[in-house]
Amino acid sequence: MGALKPWHIAVLVVVLILLFGAKRLPDAARSLGRSLRIIKAETKSLHDDDRDLAEKADAQAGYQPLPPHAGQQAPHQAPPQQQPVVDPVHRVRDN
């Protein structure tokens, strides 16, 4: 019951010609083809972006922190005392 028979297609073509006219059908088909190509390209680029993002996440998961340099403190030592933060606007006003 769901199969298209040749006469179904013929009736559909006749109805389309009557509704839109023979001059507009090629332009409509061309526009539809362009739209489908654009949609296909956009969905492919979204899929590629998702794949690139997943690859970057996998690559970043393998990163190890760098070992401390000779000038840096080891992580088990307490950090040095920090200087109080001075607002540059107040410092300029004082001069």
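Scoring rules and cut-offs
- Residues numbered from 1 in each chain as written.
- Predicted model: local features only at pLDDT ≥ 70, side-chain atom pairs only at ≥ 80, totals over all residues.
- Heavy atoms only, no water.
- Salt bridge = Lys/Arg side-chain N within 4 Å of Asp/Glu carboxyl O.
- Helix = DSSP H or I, 4+ residues; strand = E, 2+ residues; numbered from the N terminus.
- Buried < 20%, exposed > 50% of the residue type's maximum accessible area, 1.4 Å probe, protein only.
- pLDDT = per-residue confidence, 0-100.
- Contact = heavy atoms within 4.5 Å.

### Observations concerning the pattern of salt bridges
- Going through the model one piece at a time under the given rule, you end up with two salt bridges.
- For Asp-27, the salt bridge is made with Arg-30, and the minimal N-O distance between the two is 2.8 Å. Here the residue Asp-27 and the residue Arg-30 both occupy positions in helix α2 (residues 24–61), the gap between them amounting to three residues, near one helical turn.
- Accessibility expressed as a relative area gives 44% for Asp-27, which makes it partly exposed.
- Residue Arg-30 is classed as partly exposed on the basis of its relative accessible area of 43%.
- Salt-bridge contacts for Asp-48 lead to Arg-51; the nearest nitrogen and oxygen are separated by 2.6 Å. Taken together, the positions of Asp-48 and Arg-51, both in helix α2 and three residues apart, correspond to about one turn of that helix.
- Accessibility expressed as a relative area gives 42% for Arg-51, which makes it partly exposed.

### As for the confidence of the model for the protein chain
- Mean pLDDT over the protein chain stands at 77; residues scoring 70 or higher make up 64%.
- Taken element by element, the predicted model of the protein chain shows its lowest mean pLDDT in helix α3 (residues 88–94) (59) and its highest in helix α1 (residues 6–20) (89).

### Section: the environment of Leu-25
- One can find Leu-25 in helix α2.
- Classification of Leu-25 by relative accessible area gives partly exposed; the value is 24%.
- If we skip the residues at most four places from it in the chain, Leu-25 touches Leu-16, Ile-17 and Phe-20.

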